[in-house]
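Listed below are the residues making up each chain.
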Protein chains: 2
Amino acid sequence: MTDVRTWALPATGADEHGPCGDEDCGIRDVLDRLGDRWSVLVLVELTKGVRRFGALKAAVPGISQRMLTVTTKRLVRDGLVERTVYPTIPPQTDYRLTPTGESLARAVADLADWSRRHKEVIALARARFDRDHPGEL
Amino acid sequence: MTDVRTWALPATGADEHGPCGDEDCGIRDVLDRLGDRWSVLVLVELTKGVRRFGALKAAVPGISQRMLTVTTKRLVRDGLVERTVYPTIPPQTDYRLTPTGESLARAVADLADWSRRHKEVIALARARFDRDHPGEL
DNA sequence: CCGAATCCGCAGCGATACTG
DNA sequence: CAGTATCGCTGCGGATTCGG
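### What to know about the overall build of chain A
What chain A contains, in helices and strands, is 5 helices and 3 strands. Reading chain A from its N end, one meets helices and strands in the order α-α-β-α-α-β-β-α. The buried share of chain A, taken over its 137 residues, is 40%. Pairs at least 24 apart in sequence give 45% of the contacts found in chain A among residues at least 6 apart.

Laid out in structure tokens, this is it:
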């Protein structure tokens, strides 16, 4: 082991500066909403019009009441969804997209289109990878 | 409690059918990638060109070595990123976007634009909500 | 320099039961 | 019908250590 190699590199000079682009680029704010399991699904469903709590629950199969309440509440908090409560005797609650919510929904729809167009390519890549590198990931 | 109200509703007739739209709509596949904390950031950084492991780590401030390895590996698995290893003596690894990865990065960039344009509106809505409904969420 | 392996806290989410 | 409260599990992700 007389070979001294101090782990020095020829220096690629690739010394970038900041976080991701120029500034703080608040992608995270949006992605934290889109990141959870349900927000997007609810958003998409509301694209089709006003929905009541139960209708949403029915339209988003896997979701639990709890997660639906939590999700809608977060969306309302961010000003993406508006909630209207009718104090009838079985209570009724309507959810609708705000203008902001609609514009986000459109942006998301574009991403959905992308995923539909590429889902097979991705599935194929995954299959390849899992075949060539079994046991990883 | 003689008042019998079986919790029946006037029937809104809002009986949607399937999961989210028409079919399975594989938004989830993509969102599961975008959902985690780092994939998008790495993707965006790679938009600027080929990057080595260390350069990525430097460009994505908060990330740990572990999460960078995990993230890149997942991206490679999905065929969004290509990995080139040079068996030099300190090893060198380059990451670059595949064509698929580039197209996804563009779609994501649109979403980033949206978030930048609306971040203040959202922040405002949140502040309002937290002020009017303290203790929730 | 690049990465694998281990340990561990904590948030997300589901299941269930209860209220108005 | 719409929503709250509590519990328990699971997996992401951070810190750290070891290896080629």
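Still more ground to cover, so stick around.
### What about the packing of helix H5 (residues 99-132) of chain A against helix H5 (residues 99-132) of chain B?
Contact geometry of H5(A) with H5(B) gives a least axis separation of 11 Å together with a crossing angle of 170 degrees. Taken together, the axes of H5(A) and H5(B) lie roughly antiparallel to each other. Of H5(B), the residues touching H5(A) (which contributes A:Thr100, A:Ser103, A:Leu104, A:Ala107, A:Val108, A:Leu111, A:Trp114, A:His118 and A:Val121) are B:Thr100, B:Ser103, B:Leu104, B:Ala107, B:Val108, B:Leu111, B:Trp114, B:His118 and B:Val121. The residue inventory of the contact of H5(A) with H5(B), partitioned by class, reads 12 nonpolar, 6 polar and no charged.

### Thoughts on the sheet that holds strand S2 (residues 81-86) of chain A
All names here are of chain A. Read from one edge of the open sheet, 3 strands run S1-S3-S2, paired in antiparallel fashion. Single-partner strands in this sheet number two, and they are strand S1 (51-52) and S2. As defined by bridge partners, S1 adjoins strand S3 (residues 92-97) across 2 bridges and the pair is classed as antiparallel. Counterpart to Arg51 in the pairing with S3 is Tyr95. Packing against the sheet, helix H2 (residues 39-47) makes contact with S1, S2 and S3, and its axis sits at approximately 90 degrees to S3.

### A few points about the sheet that holds strand S2 (residues 81-86) of chain B
The strand order across the open sheet formed by 3 strands is S1-S3-S2 (chain B), and the pairing between neighbours is antiparallel. Every interior strand has two partners, whereas the edge strands, strand S1 (51-52) and S2 of chain B, have only one.

### Description of the environment of B:Pro91
Residues and elements named next belong to chain B. With respect to the element layout, Pro91 can be found in the loop between S2 and strand S3 (92-97). The class of Pro91 is exposed, set by a relative accessible area of 55%. In this view, Pro91 contacts Arg52 and Tyr86; residues no more than four positions away in its chain are not counted.

### Focus on the protein's contact with DNA strand C
DNA strand C sits among 20 residues. The nearest are A:Arg37, A:Trp38, A:Met67, B:Phe53 and B:Arg83. For DNA strand C, the backbone makes up 73% of the atoms found within 4 Å of the protein, where backbone means sugar plus phosphate. Here A:Trp38 contributes a side-chain N or O atom positioned 3.3 Å from a phosphate oxygen of DNA strand C. Between B:Lys73 and DNA strand C, the recorded distance is 2.9 Å, taken from a side-chain N or O atom to a phosphate oxygen. Listed by contribution, the elements that provide at least two residues to the surface near DNA strand C are helix H4 (65-77) of chain A together with helix H3 (53-59), helix H4 (65-77) and S3 of chain B. Among the elements that take part in the surface near DNA strand C, H4(A) stands out by supplying 4 residues, more than any other. When grouped by side-chain class, the residues that make up the surface near DNA strand C number 7 nonpolar, 5 polar and 8 charged.

### Thoughts on the protein's contact with DNA strand D
Within the structure, DNA strand D sits among 20 residues, and A:Phe53, A:Gly54, A:Arg83, B:Arg37 and B:Arg66 are positioned closest to it. Within 4 Å of the protein, the contacting atoms of DNA strand D are 70% sugar and phosphate, with bases supplying the remainder. One of the side-chain nitrogen or oxygen atoms of A:Tyr95 is found 3.0 Å away from a phosphate oxygen of DNA strand D. Between DNA strand D and B:Arg66 there is a distance of 2.6 Å, counted from a base nitrogen to a side-chain nitrogen or oxygen.

Rules behind the numbers
- Residues numbered from 1 in each chain as written.
- Chains lettered and ligands numbered in written order.
- Predicted model: local features only at pLDDT ≥ 70, side-chain atom pairs only at ≥ 80, totals over all residues.
- Heavy atoms only, no water.
- Helix = DSSP H or I, 4+ residues; strand = E, 2+ residues; numbered from the N terminus.
- Buried < 20%, exposed > 50% of the residue type's maximum accessible area, 1.4 Å probe, protein only.
- Contact = heavy atoms within 4.5 Å.
- Axes fitted to C-alpha atoms, helices over the stretch in contact; angles between N-to-C directions.
- Parallel < 35°, antiparallel > 145°, perpendicular 65-115°, else oblique.
- Nonpolar A, V, L, I, M, F, W, Y, C, P; charged D, E, K, R; others polar.
- Pairing = 2+ DSSP bridges.
- Near = heavy atom within 4 Å.
- Polar contact = N/O pair within 3.5 Å; in protein donor to acceptor, adjacent residues only side chain to side chain.

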